[in-house]
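Architecture and fold: a report
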Amino acid sequence: TDNTAVTTATLSVNVNDTIGKPTVTAQDVWVKEDGSVQLNVSASLTNPHAGDVLTVKIAGIASGWTVDTTASGGTYDAATHTWTLTLPAGVNSFTGGPIVKPPANSDADMTGLTVTATASDGTVSSSSTATENVYTDAVVDPVTVTASNAVGAQDTAIGLNISIGASADTDGSEHVTKVVISG
């Protein structure tokens, strides 16, 4: 007695390619007016596989700021205000960032930079974002002071010829508020 029946069917199984979301952090930095500072970004792939590539982008760099990619690598596109670095396959993390410098004699901050890390395997990609700010501390620019020798009689007022020249300040944030005569 044969109580068994066999039926055959063809079944397709599709496995969708996925890639883990990369991690990204960005720390705020401070720079003195007319100075420069390296942006502080860390990004890494999670559960990397052969062929996975990490790209780091920083968008929102303000017009007038200088961007130096010598130490960080990558490229800066002044038209889009974006720095981009794509690491070769097999390099799973990045720490650093470009060096930025505010416009001359400016103490303007650069806030709201968007830092994006993207993991890609050539088919699919996944991204994470963070925000970074650059705070600029004002620095007083020197002024030119000139004075001429003065001569006068004892017990009488002697006119002084003192001239205060302009400083290198161009944003109007600095003013001479006091002149001290000593000696």
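Right, let's walk through the structure included here.

Cut-offs applied
Residues numbered from 1 in each chain as written. Predicted model: local features only at pLDDT ≥ 70, side-chain atom pairs only at ≥ 80, totals over all residues. Heavy atoms only, no water. Helix = DSSP H or I, 4+ residues; strand = E, 2+ residues; numbered from the N terminus. Buried < 20%, exposed > 50% of the residue type's maximum accessible area, 1.4 Å probe, protein only. 1 Å grid on protein atoms, 1.4 Å probe; cavity = no way out; pocket = protein on both sides within 12 Å on 5 of 7 lines; lining within 4 Å. Points joined across faces, edges and corners; volume = space filled by probe spheres on them. Nonpolar A, V, L, I, M, F, W, Y, C, P; charged D, E, K, R; others polar. Pairing = 2+ DSSP bridges. Axes fitted to C-alpha atoms, helices over the stretch in contact; angles between N-to-C directions. Phe/Tyr/Trp six-rings, centres within 6.5 Å; stacked < 30°, edge-to-face > 60°. Lys, Arg positive; Asp, Glu negative; His and termini not counted. Salt bridge = Lys/Arg side-chain N within 4 Å of Asp/Glu carboxyl O. Polar contact = N/O pair within 3.5 Å; in protein donor to acceptor, adjacent residues only side chain to side chain. Contact = heavy atoms within 4.5 Å.

Quick notes on the environment of D169
Along the chain, D169 turns up in the segment after β14 (161-164). Residue classification places D169 among the buried residues on the basis of a relative accessible area of 15%. Here the alpha-carbon distance between D169 and D34, two residues 135 residues apart in the chain, equals 11 Å.

A closer look at the layout of surface pockets
Put simply, the largest pocket is a space of about 160 Å³. Every residue lining the largest pocket is listed: V140, D141, V143, V145, I164, G165, S167, E174, H175, V176, K178 and V179. Among the residues forming the lining of the largest pocket, the class breakdown is six nonpolar, three polar and three charged.

What to know about the sheet that holds strand β4 (residues 40-44)
As summarised here, the arrangement of the three strands in space is β1-β4-β9, forming an open sheet in which the pairing is antiparallel. At either end of the open sheet lies a strand with only one pairing partner, and these are β1 (23-27) and β9 (93-96). The average angle at which neighbouring strand axes cross in this sheet is 5 degrees, direction not considered. Across five bridges, the pairing between β1 and β4 is antiparallel. Opposite A26, over in β4, you have V41 as the bridge partner.

Some words on the packing of aromatic side chains
Considering all chains together, one arrives at two aromatic pairs under this definition. With a centroid separation of 5.4 Å and an interplanar angle of 35 degrees, the aromatic rings of W30 and Y135 are classed as tilted. Taken together, the positions of W30 in strand β2 (residues 29-32) and Y135 in strand β12 (residues 125-137) put the pair 105 residues apart, joining distant regions of the chain. Ring centres 5.9 Å apart and planes at 40 degrees place the aromatic pair W83 and F94 in the tilted group. With a gap of 11 residues between them, W83 in strand β8 (residues 82-86) and F94 in strand β9 connect regions that are remote in the sequence. Each member of the pair, W83 together with F94, is buried.

A word on the side chain of E132
The residue E132 is located in strand β12 in this model. Of the side chains bearing the opposite charge, K57 lies closest to the buried E132, which forms no salt bridge; the N-O distance is 16 Å. Within polar-contact distance, the side chain of E132 engages the backbone nitrogen of N40 at 3.0 Å. Not counting chain neighbours up to four residues away, the residues in contact with E132 comprise A26, Q27, D28, V29, L39, N40, V41, T111, G112, L113 and V115.

Describing the sheet that holds strand β6 (residues 66-68)
Spatially, three strands are ordered β3-β10-β6 in an open sheet, and the strand pairing comes out antiparallel. Looking at the sheet topology across the chains shown, the edges are occupied by β3 (37-38) and β6. Two strands pair when backbone bridges link them, and β6 and strand β10 (residues 99-101) are joined in this way by three bridges, in the antiparallel orientation. Opposite V67, over in β10, you have V100 as the bridge partner.

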